[in-house]
Amino acid sequence: HTKVSYGFSADATVRAEASAVTYTSDDARTPTGMQCTARVRGADIPLSISGSLGRQHVYPMLAAVALVDALGFNTTEAVSVLLGHESPKGRMRIIPGINGATIIDDTYNSSPVAVEEALSTLKAIEAKGKKIAVLGDMLELGMYTEREHVRVGTYAKECVDVIVTIGLRAEDFITGAVAAGMDKNMTHMYPEPTAAMNYLKKHVGEHDVVLVKGSQGMRLERIVQVLMKDPEQAKELLVRQEKEWEHR
């Protein structure tokens, strides 16, 4: 049996290195995706991901390279096939926004680890405008609900310029951020998505990067839809657009 490992750790057979956000070449410097290098048996293979952000999208590509390598096929050819890969809807997808902003749609679901990963990605972006995190309740955390919202909010203070929360539980994101030193004037709380829409439509500006993330039950794809430059593309680009979700 051949054992092949992949990941970001130094001992992985197929190891990702030097991951970085890619941008348009114009003055706007709009995020377009990611690039990194897969190191395989001493050789460096460039990988690129278009239209999505986040290290989680690198792992499937590394897995494909690892499998191809284990089977003895040409890894360079395999990577060329992966160039057309699209990430699932609502998983850190880049969507053009209103007023020249960029939306990062991560509305599929949420958890503490996933929010931290999304915030880390936002932190790494070289935005010319504001970095805005629109964060909804993280559901199904039980006795850890308050603690985890506060903890993640503390980290969010290091990553973003503005925090907008949606839901009663999500208010504790702001509790954590303000306790860590964030200006309370840069935080905004709303009970549900509709209440936040007017604020966001007025205050999302050119070159801003807006991360939208919350648990499935918060339905934050509705926020993304009103912030999209082309909202008529919602059914094509967003999660939960099927008929059974319309009236939930």
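From a predicted model like this one, the values you see are computed outputs, not experimental measurements. Along each chain, residues carry numbers from 1 onward, in the same order as the chain's sequence is written. Note on the predicted model: pLDDT of at least 70 is required for a residue's local features to be given, and 80 or more for side-chain atom pairs to be given and counted; whole-chain, interface and lining totals, by contrast, use all residues. Hydrogens and waters are ignored; side-chain quantities use all the structure's heavy atoms.

**Student:** Break down the overall build of the protein for me, with residues and values.
**Tutor:** Helix and strand counts for the protein come out as eight helices and ten strands. Note that the radius of gyration is over C-alpha atoms, with the globule rule given as 2.2 Å times the number of residues to the power 0.38. By the compact-globule yardstick of 18 Å for 248 residues, the protein fits well, its C-alpha radius of gyration being 19 Å. Along the three orthogonal principal directions, the C-alpha set of the protein runs to about 55 × 40 × 40 Å. Counting over 248 residues, the protein shows a buried share of 48%. A run of H or I in DSSP becomes a helix once it reaches four residues, and a run of E becomes a strand once it reaches two; helices and strands are each numbered from the N terminus. Burial classes follow relative accessibility: with a 1.4 Å probe on protein chains only, a residue under 20% of its type's maximum area counts as buried, one over 50% as exposed, and anything between as partly exposed.

**Student:** Please set out the sheet that holds strand β4 (residues 43-50) residue by residue, giving values where relevant.
**Tutor:** Strands were regarded as paired on the criterion that DSSP finds at least two bridges between them. Ordered in space as β1-β2-β3-β4, the four strands form an open sheet in which the pairing is mixed. A strand with exactly one partner marks an edge of an open sheet, and here the two such strands are β1 (6-7) and β4. In this structure, strand β2 (residues 14-23) lies alongside strand β3 (residues 31-40), joined through eight bridges in antiparallel fashion. When the bridges of β3 are listed, valine 21 appears paired with methionine 34.

**Student:** Please give an account of helix α6 (residues 193-203) that cites residues and values.
**Tutor:** Burial in α6 covers these residues: Pro193, Ala196, Met197, Tyr199 and Leu200. In this fold, the buried residues of α6 make contact with β7 (131-136), β8 (162-166), β9 (187-190) and α7 (221-227). Under the rule applied, a polar contact is a pair of N or O atoms within 3.5 Å (in protein, one hydrogen donor and one hydrogen acceptor; residues adjacent in sequence only if both atoms are side-chain atoms). Its side-chain oxygen 2.9 Å from the backbone nitrogen of threonine 194, glutamate 192 forms the N-cap of α6. In what follows, residue pairs with any heavy atoms lying within 4.5 Å of each other are defined as contacts.

**Student:** How would you explain the pairing of β3 if you had to name every residue and give the values?
**Tutor:** Both faces of the sheet carry side chains from a regular strand, because those side chains alternate between them. Looking at chain direction, β3 and β4 are connected through eight bridges and run antiparallel. Within the sheet, the bridge partner assigned to glycine 33 lies in β4 and is serine 50.

**Student:** Which residues make up the pairing of strand β10 (residues 209-213), and what are the values?
**Tutor:** Where burial is concerned, most of β10 is hidden: five out of the five residues are buried. Of the two faces of β10, the one lined by Val209, Leu211 and Lys213 and the one lined by Val210 and Val212 are each fully buried. Both strand β6 (residues 102-106) and β10 contribute to a ladder of five bridges, which runs parallel. Of the residues in β10, the one forming a bridge with aspartate 105 is valine 212.

**Student:** Give a detailed account of the nonpolar core, specifying residues and quantitative values.
**Tutor:** Take the buried residues of types Ala, Val, Leu, Ile, Met, Phe, Trp, Tyr and Cys, join any two whose side-chain atoms come within 4.5 Å, and each joined set is a nonpolar core. The biggest cluster of nonpolar side chains holds 43 residues, and the ones touching the most others in it are Leu47, Leu53, Ile104, Leu119, Ile125 and Val160. Examining the composition of this core, we find that five residues originate from one element, helix α1 (residues 58-71), more than from any other. The contacts of leucine 53, once residues within four sequence positions are left out, are Val21, Pro31, Gly33, Met34, Met92, Ile94, Ile104, Thr121 and Ile125. Counting residues in each nonpolar core, the second largest holds 26 residues, with Ile103, Val134, Leu200 and Val210 among its members.

**Student:** Run through the packing of aromatic side chains, naming residues and quoting values.
**Tutor:** Two aromatic rings, drawn from Phe, Tyr or Trp (for Trp, its six-membered ring), form a pair once their centres lie within 6.5 Å of each other, and the interplanar angle then sorts them: stacked below 30 degrees, edge-to-face above 60, tilted otherwise. Under the defined criterion, the tally for this structure stands at two aromatic pairs. Considering the side-chain rings of phenylalanine 8 and tyrosine 59, the 5.4 Å spacing of their centres and the 70° angle between planes classify their relative orientation as edge-to-face. Of this pair, phenylalanine 8 sits in the loop between β1 and β2 while tyrosine 59 sits in helix α1, placing them 51 residues apart in sequence. Under the relative-accessibility criterion, phenylalanine 8 is labelled partly exposed at 21%. What makes tyrosine 59 partly exposed here is its relative accessible area of 33%.

**Student:** Outline the packing of helix α4 (residues 145-156) against helix α5 (residues 171-179), listing residues and values.
**Tutor:** Each axis is a line fitted through C-alpha atoms, taken for helices only over the stretch in contact, and angles between the N-to-C directions span 0 to 180 degrees. Where α4 contacts α5, the axes come no closer than 6 Å and their chain directions differ by 50°. Considering their axes alone, α4 and α5 lie oblique with respect to each other. At the point where α4 passes α5, the crossing takes the right-handed sense. Residues Glu146, His149, Val150, Val152, Gly153 and Thr154 of α4 touch α5, and the partners they reach there are Asp172, Phe173, Thr175, Gly176 and Ala177. Any angle that falls under 35 degrees is termed roughly parallel, while one over 145 is termed roughly antiparallel, one within 65 to 115 roughly perpendicular, and all others oblique. Crossing chirality is assigned from the near helix's rotation relative to the far helix, an anticlockwise turn below a right angle marking it left-handed and a clockwise turn marking it right-handed.

**Student:** An account of the side chain of glutamine 241 is requested, with residue identities and associated values reported.
**Tutor:** Mapped onto the secondary structure, glutamine 241 falls in the segment after α8 (234-237). At a separation of 3.0 Å, a polar atom in the side chain of glutamine 241 contacts the main-chain carbonyl oxygen of valine 239. Setting aside anything within four residues of it in sequence, one finds glutamine 241 in contact with Glu221, Gln225, Ala234 and Lys235.

**Student:** Describe the sheet that holds β6, listing the residues and the values that go with them.
**Tutor:** Spatially, the six strands line up as an open sheet ordered β5-β6-β10-β7-β8-β9, and their pairing is mixed. Because the sheet does not close on itself, it has two edges, and the strands there are β5 (93-96) and β9. Within the sheet, the average angular offset between the axes of one strand and its neighbour, ignoring direction, is 20°. As judged from the four bridges shared by β5 and β6, these two strands associate in the antiparallel manner.

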